[in-house]
Structures are given as C-alpha cells and as structure tokens.
Amino acid sequence: MQPFSYDIDRQIRLLFLGSALAAAANLAVTWALALPYLPVYYAAAAAAYLAMARTVRIRRFVPAYCAAFLLAAGQSFVSVYVLGDDCGIQLYLLALIIPCHYVRLTGCSQAFQRRFIIGACCACVVLYLVSDELIDQVLTPLSRMDGQAEMFFTFLNVAGSLSLLVFVSSIFASGYQKELNRLRADNTLLSAAAAYDALTGLKNRRGMEPALQSAYGEWLQNGRPLSIAIGDVDHFKQLNDAYGHEAGDLVLKTLGELFSRWSDGPAVSVCRWGGEEFLFLLAVPEEAAACMLEGLRAQLAAQPFSCGGAALRVSMTFGVAGIRSGQTLLDLFRQADRGLYAGKENGRDQVVRAQPA
C-alpha cells in the first residue's frame, strides 16, 4: 500500500468519471441525431466508466486501464464504422497515453512498468492510425456525412478529446505536484526533528553544528567574539541509580526548559551535546561568558527538582573557553573540555575557565 494511495485513488476515480461524462455527452449527441449503434455503445461505455470510477484503486490499475483502453478502442472502431474516419473520435485514444504512467505507483516490478508504458503508448498510437486510415478502407461507413456534418463531428470530437486530454493532464500533474509539496513539507519536518532533541526540546549535536560553523566564520571574518562552554550534570549516574531513569529524564527535561528560557536571545545557543552534557555557544568574550554561566549555575542551584515526592539537588559543572588567534573549533572544544575536567576534579558545581594548551 502506497503511503499516499488515498489521493492517487481519488485521481484515478476522477479520470474514469471524466471519461464517463464524455461518453454521456456523446450519447446525447448521437441519440439526438438518431445514429445507429452509437447511442447503445456510448450508454454501455458511460455505465462501465461510471462503475469503474466508483470501484477503481491503484492496486487494480492495470486491469482497469486495459478495460478503459478496450472501451476507447471499441468506441473508435464503432464510430468510424458508423460515421467514417473523418469523425475525429480517434483522438480519445491519445488521451490514454498520460494515465498509463500511473502504473509507476503500483507494486509492479520496474521491468513490467517500463514494458507497460511503452506498450500502452505504442498501442494507443497504432490503434489511432488504424482507425483513422484503415478501417473505412475495409468497411463501408453506414453514414455518408456531408461537409457540414463532417465539420460538426470533427469539432465536437476534437473539442471533447482535447478537453479530456487537458483534464487527464491536469489531474495527473496536480496529483504529482500535491505529492511533491507533501514530501517537501514532510522533509522539512523531518529535518527539523533531526536537529532537535526530543526529550529536552533543545537542539542536538546535528542541529548545533551549523551554528558553530557560522559563529566561527563570523569570528574569522569580522572578529565577532566567540566562546563555548560544556556543561555536565554532576553525579548524574548516581541520580539515575538512586531514583531511576525516569528521574534522570525529568531532570534533563527541566534543564532543557530552563536553558531555553535562559538562552532566549541571539547571542546564546544551547544544545544537548550528548547524555547529560550540554553545549553553550555564546557570542561574547570568555570573561563575559563565564559571568553569564556563573549566573546560570546559581539559578540552577535554586531550581527545585523532585521525583516521587523526593527532593533532588541538581548541580552542574561548566568548562568555558574563548577563542584566540590561531585556534580552530577543535582547539576551542579541547580547551572547554579541559576546564570541565578541572572543575570535576576540584569539587564540581563551578564554572572553570581553562587556559589554551
């Protein structure tokens, strides 16, 4: 089952409904002119198209298309037999060339799809030429049309055929355009989802990397200040062991909400770097970044945490580094990581500015 089968099924039903309406219009004209055979054939064709419009689905497209092809071919032969090859009815066959491509949306193999499309296109063209050039050489038409009648039927059938062709083309094109727009929208949503951490609501590593590269480029070109900090939740493993992973998830989620409020501005970005680690990107000098993170650390210490009625104390250690001439982003990360390690070695719950190696 295709993920968009409902809309494709609707498109195919519209195609058969359009064919039913065209057959009904021809029924009315041939009935009014008291032509032999044609009213009966068009009545049967209209009923068949209408029945298929109610029941056809993409998974049954191949037999439905073949049935429509036989109906159109029979319609062409009978019309030429009654009216002669100048009636223009053969153009209906060419309208079948476009919808044969719907076979690509079925579960048929690629090889079958290619053969089906090539065969359908060739059959439509060949039968058009046969009915247009050969039938009345073998059979004598039942009606001899004068110039006025010939012009009337040619205009009627060309207009009807072109209208059906335009209708089929528009259904086919609009369906593909709709699916393309849907896929683009889904791709946008998936790209956004891939850039954010589901638990904390913050950007993840993938989502932060473009911002890091952009900030580094701004520093290289314009000298815009750039600092980063790596923050790690203190004793997070012990918290998980003591209270369970639900408590750990609750802490990370609360931290995500706190960091989102704290970083509400163009100069600060925060992401969940991995596990209980968070990365802070700050467009300020190192000293200012350390002051900002000291305020965040104090705010975090005052933040109430609880799980199952038990009060939890949560603190974080931060390693801060500001970029210097000649450094790369990797150098900056290593410097911030040394600060984080030093803070953990010296008692945790602090902000440490590490010196370059």
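Rules used throughout
- Residues numbered from 1 in each chain as written.
- Predicted model: local features only at pLDDT ≥ 70, side-chain atom pairs only at ≥ 80, totals over all residues.
- Heavy atoms only, no water.
- Salt bridge = Lys/Arg side-chain N within 4 Å of Asp/Glu carboxyl O.
- Helix = DSSP H or I, 4+ residues; strand = E, 2+ residues; numbered from the N terminus.
- Core = buried A, V, L, I, M, F, W, Y, C linked by side-chain atoms within 4.5 Å.
- Buried < 20%, exposed > 50% of the residue type's maximum accessible area, 1.4 Å probe, protein only.
- Pairing = 2+ DSSP bridges.
- Axes fitted to C-alpha atoms, helices over the stretch in contact; angles between N-to-C directions.
- Parallel < 35°, antiparallel > 145°, perpendicular 65-115°, else oblique.
- Contact = heavy atoms within 4.5 Å.
- Nonpolar A, V, L, I, M, F, W, Y, C, P; charged D, E, K, R; others polar.
- pLDDT = per-residue confidence, 0-100.
- Expected span 1.5 Å × (residues − 1).
- Patch = residues over 30% accessible without salt bridge, like charges linked within 9 Å, V, L, I, M, F, W, Y side chains within 5 Å.
- Areas by Shrake-Rupley, 256 points an atom, 1.4 Å probe, with all protein chains shown as cover.
- Right-handed = clockwise from strand over helix to strand, strands pointing away.

Caption draft 1: Molecular detail of the pattern of salt bridges. Taken as a whole, this structure holds 9 salt bridges when the rule is applied. Measuring nitrogen to oxygen at the nearest pair gives 3.2 Å for the salt bridge that ties arginine 324 to glutamate 286. Highlighted residues: arginine 324 in the loop between strand S6 (316–322) and helix H12 (329–345) and glutamate 286 in helix H11 (residues 286–301), separated in sequence by 38 residues. The residue glutamate 286 makes a salt bridge to arginine 353 at a minimum N-O spacing of 3.0 Å.

Caption draft 2: Just the nonpolar core, in detail. Among the nonpolar cores identified, the biggest contains 39 residues, and Ile12, Phe16, Tyr49, Phe61, Tyr65 and Tyr102 are the most heavily contacted of them. Put simply, the parts of the chain that give this core at least two residues each are helix H1 (5–32), helix H2 (38–55), helix H3 (61–83) and helix H5 (110–133). Ranked by residues supplied to this core, first place goes to H3 with 11 residues.

Caption draft 3: Structural view of the pairing of strand S1 (residues 227–233). Counting buried positions over the 7 residues of S1 gives 7, a clear majority of the element. Taken together, the 7 bridges between S1 and S6 define a ladder with antiparallel strand orientation. Counterpart to isoleucine 228 in the pairing with S6 is alanine 321.

Caption draft 4: How the structure looks around the packing of H3 against H5. Where H3 meets H5, the closest approach of the two axes is 10 Å, and the angle between their N-to-C directions is 10 degrees. The orientation of H3 relative to H5 falls into the category roughly parallel. Residues Phe61, Val62, Tyr65, Cys66, Phe69, Ala73, Ser76, Phe77 and Val80 of H3 form the contact with H5, whose own contacting residues are Phe112, Phe116, Ala120, Ala123, Cys124, Leu127 and Ser131. The residue inventory of the contact of H3 with H5, partitioned by class, reads 14 nonpolar, 2 polar and no charged.

Caption draft 5: Structural detail: the sheet that holds strand S7 (residues 351–353). Strand order across the open sheet formed by 5 strands is S2-S3-S1-S6-S7, with mixed pairing between neighbours. Here the strands that pair on one side only, and so sit at the sheet edges, are strand S2 (268–274) and S7. Mean inter-strand twist for the sheet, computed between neighbouring axes without regard to direction, equals 20 degrees. Relative to strand S3 (residues 277–282), helix H10 (residues 245–262) is tilted by about 5 degrees, and along the sheet it contacts S1, S2, S3 and S6. Running at roughly 145 degrees to S6, H12 makes contact with S1, S2, S3, S6 and S7 of the sheet.

Caption draft 6: Structural view of the confidence of the model for the protein. Confidence in the prediction of the protein, expressed as mean pLDDT, is 85, and 89% of residues score 70 or more. Taken as a whole, residues 1–6 scores under 50 in pLDDT and shows 7 contacts with residues more than four places along the chain or in a different chain.

Caption draft 7: Seen up close, the side chain of serine 227. Looking at where serine 227 falls in the secondary structure, it is placed in strand S1. The residues contacting serine 227, other than those within four sequence positions of it, are Phe280, Leu281, Leu282, Val284, Pro285, Glu286, Ala289, Ala321 and Gly322.

Caption draft 8: Examining H12 more closely. With 17 residues, H12 ought to run about 24 Å at 1.5 Å a step, and its terminal C-alpha atoms sit 24 Å apart, in line with that. Directly after H12, the chain includes glycine 347, whose backbone phi takes a positive value near 110 degrees.

Caption draft 9: Quick peek at a nonpolar patch on the surface. Residues Leu17, Leu21 and Leu50 make up a contiguous nonpolar surface patch of about 270 Å² in total accessible area. Secondary-structure assignment places leucine 17 in helix H1.

Caption draft 10: Spotlight on the pairing of S6. Counting buried residues in S6 gives 7 out of 7 residues, a clear majority hidden from the surface. Inspection of the sheet shows S6 paired to S7 by 3 bridges, in the parallel sense. Bridge pairing in S7 links phenylalanine 318 to valine 351. A crossover links S6 with its parallel partner S7, the connecting element being H12, and its sense is left-handed.

Caption draft 11: Highlighting unusual backbone geometry. Here the phi dihedral of arginine 348 falls at roughly 65 degrees; this positive angle occurs in a residue that is not glycine. As for its position among the elements, arginine 348 is in the loop between H12 and S7. Owing to a relative accessible area of 26%, arginine 348 belongs among the partly exposed residues under this scheme.

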